[in-house]
Amino acid sequence: MGAESSALRSCALRGPPATLHSGLAVFPAELQDGKVASVFVYKRENEDKVNQAAKHLKTLRHPCLLRFLSCTVETDGIHLVTERVQPLEAALETLSSAEVCAGIYDILLALIFLHDRGHLTHNNVCLSSVFVSEDGHWKLGGMETVCRVPQATPEFLRSIQSVRDPACIPPEETAPGFTALPEAQGHARDAYAFGKLVERLLAGLNGQADALRGFQQALHSALLHPEPQRRPALCTLLSHDFFRNDFLEVVNFLKSLTLKSEEEKTEFFKFLLDRVSGLSEELIASRLVPLLLNQLVFAEPVAVKSFLPHLLGPKKDGPGESPRLLSPALFRARVVPVLLQLFQVHEEHVRTALLAHLEAYVEHFTPEQLRTVILPQVLLGLRDTSSSIVAITLHSLAVLVSLLGPEVVVGGQRTKVFKRTAPSFTKAIDLSPEGDGFSQPRAFPMNGLADVRHTSGDSESFLPSPQVSEEWPDWSEPGEPESRTVHTPAWPPGPARPPLTALEETRGGLTHSGLSRAVSPGGGIAGTPGDEAQPLAPSQPHKTSPVQDQPPPPQVSSRERHPKVPSELGLGEEFTIQVKKKLAQDPELDWFADMIPEIKPSGAILVLPELRTETGIPNMDGVSPGMQFSSKFAAAEMTEAESDGWGDAGELSWGDSSW
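These numbers come from a predicted model, not from an experiment. (Residues numbered from 1 in each chain as written. Predicted model: local features only at pLDDT ≥ 70, side-chain atom pairs only at ≥ 80, totals over all residues. Heavy atoms only, no water.)

Participant: Honestly, the nonpolar core in this entry has me stumped. Any pointers?
Facilitator: Nonpolar side chains in soluble globular proteins generally cluster together in the buried interior. Grouped together as the largest cluster of nonpolar side chains are 120 residues, with contacts concentrated most on I104, W138, F194, L293 and L339. Ranked by residues supplied to this core, first place goes to helix α4 (residues 97-117) with twelve residues. (Core = buried A, V, L, I, M, F, W, Y, C linked by side-chain atoms within 4.5 Å. Buried < 20%, exposed > 50% of the residue type's maximum accessible area, 1.4 Å probe, protein only. Helix = DSSP H or I, 4+ residues; strand = E, 2+ residues; numbered from the N terminus.)

Below is the structure:
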C-alpha cells in the first residue's frame, strides 16, 4: 500500500453504493486530481482477503482485468480503489446482444490469461465478479479468491466459501473424498463456473440463432460436463462461430492494429463503414469511438479518407448529406470529449485530419471549449514550419471567426480599410445621333472621349469633361448643357501670331497634301491664288477668359507649343461638325462608324485637343477611319519667320493611308 496508497488517500466517495451478492459495497468516487474511480469497502476483519486481492490486482495487468489504483485503511473499513466500474448485475438490462457477446468474450480472454500466463485459478467466476467499465468493456474482479493451481486445496476452498457463488461450484467439490485437482486440470473449475455464467447470460439473448444454439450445445457438452477431465481448455472457444460477428471482429482488429499488415489494414478500413452501419448508435459511441479516434487510426490514409469523414460529424437531415453514424446528442456526449483530448496531441497527421473536418463538428463545442481549448491549439499551427499545417490552420481560423467573432480570433485592433463603393450602371442615356433605337445603358467612355453632348439637328460635338471626379463617377448623367459654343478671344494688335489649329500643328514628319487654305497673319483667311483675302471679324471675348487683359503670348515654335484647351482657342458657331447617320451599320461595333463629318468654313479653326499629342502628331485613337474632313482651307502667304516652318497647306483626309 505504500506511497501509491498515500498519494490517493484523499479519495472522496460520491453517491450511494451498489451492494454485491456477497455483501460488498461499491461506491463511486472522485480522486484528488478530478479523475473518477470506484471504491470497494471491506470490513476490517477481512484484511487478509483484501491484501490478497490487492496483491493480485497490482501484479496482474490485462485489459480485461480490473485495474488497481490504491488500497487504504479508513475508519469505516478498508478501501480498495480501482478504475470506475459498475457491477454487471446493475448494467445487464441496458446491454444489447452484441455487447453481451463482446462482454463474454472479454471474460473469456481474462480467464485464458490467468490460466495460461499466470498459472492461476480464479475459483469464483460468477455474475458478482464481473464489472462494466465506462468504455463498455467487461472486467473480471473478485481477485481475493485467486490462487495458484496447487494451492486450490479443499482447505483453501472452504476458507473462501463465504464469498463464492454456490451456483458456480463444480459438482466434484461436493463429492466425498475430494482432493486438489492436478495441474493439468487446473482450468476445469473455472471452465465449469464460466459455463454456468454464460448459460445465465444467454437466457435473455436474442439474435444469432444458429450460432447461439451451437454455443449453448458446446457449453452443455463440454464446459458443464460433470467430469473435470472432460472439460476442454477455454482457449478452444475463441474460434467458435458465436464470436464471429461484425462488432467483435472490428473490436479485435482495432485492438491488434499494430500487428496487422498494410494490406489487411487497407482492406479493413475500406469496408469498415458497411460493417458498422448495422450496429446500434449507442454501441458505436460507447465501444468503437475510443478505438477509432486515436493516433494509430489517424495515421492510416485509407481510414482518414474512407471512414473518418463519417464519424467526425453528427447526422444531418436533408438531401445530399453524406451518411453519418451518430446522432447530434450522442456525438456531443461521446465524441466531443475525445476530440478535446485529440486537439492536445501535437502530431501532424492528427492535427491535419482534425482541421480538415472542423466545419462538420465545430458547432458542437461549447463557446467556453472553443475559447479555452480549440482556439489556442489551432493558433499553434501558425508557428509550425510545415506549410500544409499553416495553410489548413488559416482555413480553420476563418471557420472559428464565424463562431467566436473576429475580436476573439484576430484581436480588437482593427480599422476600416475597404469602402463599400460601386459605380452607377443602372441609368440609361440616348447616345444615338437621332434618338432612335441606339439608346442603351452607358457604362464607360467610348473611343477615348470622356463625355457625350447633344446638339440640335444632326450634329454633335464631343468635348472633354473639365473636371475629374475623385470618386466613382456617375457616367450616366450629363453634367453640361445640351449645346455649347466656345468663342475665340480677340488677339491684341501686334505681330503676335494667331492661334494654331489642329490641322496646322502637324509638323514632325507628317505632310498634308490636301490643305489649300491657311490663316493669314492679319487674322483673315487667305484664299487660293487669285482670291482676295478677307479679314476675319473677331468674335466677342468670353467673359471668363483670362486672355483679355494680358499681354500677347510669346512667340513659341509649333514644336514647343502644347495643345490648348477650347476655352483658350474657341470654337465658332459657323465652324461645326455636321453628322449624318449612315444606314445599314451595326451600332455596337463603332458608334462613330455611321457618322460622316461635314466641315463648314468659318471664322475660327476647329481644334480638337484629343486629336493631338504633345509632339504635334495627331492622335487617331478612338476616331473612326471613316471620318473625313472635306473642307479646304486656302493658305496665305507667310514669311519664313512668321510661319515658323509650317508645312505646305493641303487637303487633310482622315481616311488617307499616310495616317
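Still to come is the rest of the account.
Participant: For this particular structure, what's the right way to read helix α6 (residues 188-202)?
Facilitator: Since there are 3.6 residues in each turn of an α-helix, residues three or four apart along the chain are aligned in direction. Its 15 residues place the ends of α6 21 Å apart at the C-alpha level, agreeing with the 21 Å of an ideal helix rising 1.5 Å per residue. Summarising burial for α6: twelve of the 15 residues are buried, a large majority. Among the residues making up α6, those that are buried are A188, R189, D190, A191, Y192, A193, F194, G195, L197, V198, L201 and L202. (Expected span 1.5 Å × (residues − 1).)

Participant: Could you clarify how one ought to interpret unusual backbone geometry in this entry?
Facilitator: Note on backbone geometry: most residues besides glycine have negative phi, and most peptide bonds are trans. Its identity is not glycine, yet H119 carries a phi of approximately 55°, on the positive side. By the secondary structure assignment, H119 is in the loop between α4 and β8 (120-121). Phi angles above zero are rare outside glycine, and N123 is one such case at about 75°. Residue placement: N123 occurs in the loop between β8 and β9 (130-133). We classify N123 as buried; its relative accessible area is 3%.

Participant: How do you make sense of the side chain of T393 when you look at a structure like this?
Facilitator: The residue T393 is located in helix α19 (residues 387-404) in this model. Given a relative accessible area of 1%, T393 falls into the buried group. Polar contacts involving the side chain of T393 include one to the main-chain carbonyl oxygen of I389, which spans 2.6 Å. Setting aside chain neighbours within four positions, we find T393 in contact with L355, V378, G381 and L382. (Polar contact = N/O pair within 3.5 Å; in protein donor to acceptor, adjacent residues only side chain to side chain. Contact = heavy atoms within 4.5 Å.)

Participant: Just to check I follow, could you spell out the packing of aromatic side chains for this structure?
Facilitator: Any aromatic ring pair is given by two values, namely how distant the centres are and how the planes are angled relative to each other. Tallied over the full model, the rule gives eight aromatic pairs. Here F40 and F131 contribute two aromatic rings whose centre-to-centre distance is 5.3 Å and whose plane-to-plane angle is 85°, an arrangement assigned as edge-to-face. In this pair, F40 is assigned in strand β4 (residues 36-42) and F131 in strand β9, connecting sequence segments 91 residues apart. Both residues of the pair, F40 and F131, count as buried. Judged by centre distance (5.4 Å) and plane angle (75°), the ring pair of F215 and F243 falls under edge-to-face. In this pair, F215 is assigned in helix α7 (residues 209-223) and F243 in the loop between α7 and α8 (246-255), connecting sequence segments 28 residues apart. Pair check on accessibility: F215 and F243 agree, each one buried. (Phe/Tyr/Trp six-rings, centres within 6.5 Å; stacked < 30°, edge-to-face > 60°.)

Participant: Explanation requested: the environment of A218 in the structure shown.
Facilitator: When you line up the elements, A218 lands in helix α7. You can call A218 buried: its relative accessible area is 18%. A C-alpha to C-alpha distance of 9.3 Å links A218 and G195, two positions 23 residues apart in sequence. Not counting chain neighbours up to four residues away, the residues in contact with A218 comprise L223 and H240.

Participant: Sorry, what's going on with the packing of α8 against helix α11 (residues 281-292) here?
Facilitator: For any two helices packed against each other, the geometry is given by the interaxial angle and the distance between the axes. Across the interface, α8 lies against α11 with an axial gap of 10 Å and an inter-helix angle of 20°. Classified by the angle their axes make, α8 and α11 are roughly parallel. For the crossing formed where α8 meets α11, the hand is left-handed. The residues of α11 that touch α8, namely those facing F247, V250, V251 and L254, are L283, R287, L288, L291 and L292. (Axes fitted to C-alpha atoms, helices over the stretch in contact; angles between N-to-C directions. Parallel < 35°, antiparallel > 145°, perpendicular 65-115°, else oblique. Left-handed = near helix turned anticlockwise from the far one by under 90°.)

Participant: Would you mind showing me how to read the pattern of salt bridges here?
Facilitator: When the charged atoms of two side chains with opposite charge come close together, those side chains can pair. For the structure shown, the criterion picks out 16 salt bridges. Close ionic contact of R164 with E173 constitutes a salt bridge, the shortest N to O distance being 3.1 Å. According to the relative accessible area criterion, E173 is buried, its value standing at 18%. Between K265 and E262 there is a salt bridge, with the nearest N and O atoms lying 3.2 Å from each other. Placement of both K265 and E262 in helix α9 (residues 262-270) is noted, with a separation of three residues, approximately one turn of the helix. Residues participating in the shared-partner salt-bridge network are D106, K255 and R287. (Salt bridge = Lys/Arg side-chain N within 4 Å of Asp/Glu carboxyl O.)

Participant: Looking at this structure, I do not really get the pairing of β4. What am I missing?
Facilitator: On a regular strand, one side chain projects to one face of the sheet and the next to the other, so that they alternate. Counting buried positions along β4 yields six of seven residues, so the element is predominantly enclosed. Relative to β4, strand β3 (residues 25-30) runs antiparallel, the two sharing six bridges. Bridge assignment links P28 to a residue of β4, and that residue is S38. Remark: five residues form the turn of the hairpin made by β3 and β4, two consecutive strands paired antiparallel; G34 in that turn has positive phi of roughly 95°. As judged from the five bridges shared by β4 and strand β6 (residues 77-82), these two strands associate in the antiparallel manner. Paired with S38 across the bridge in β6 is T82. (Pairing = 2+ DSSP bridges.)

Participant: Mind showing me how you'd approach the pairing of strand β5 (residues 68-74) here?
Facilitator: Taking burial as the measure, the seven residues of β5 include five buried ones, the bulk of the element. By the bridge criterion, six bridges tie β5 to β6 in an arrangement that is antiparallel. Among the inter-strand pairings, C71 is bridged to a residue of β6, identified as L80. The antiparallel pairing of β5 with β6 creates a hairpin that spans two residues between the two strands.

Participant: Would you take a moment to explain the side chain of K139 for this structure?
Facilitator: Topologically, K139 is positioned in strand β10 (residues 138-140). The class for K139 is buried, based on a relative accessible area of 8%. Here P63 takes part through its backbone oxygen, which lies 2.5 Å from a polar atom of the side chain of K139. Setting aside chain neighbours within four positions, we find K139 in contact with P63, C64, L65, L66, E83, I107, S129, V130, F131 and S133.

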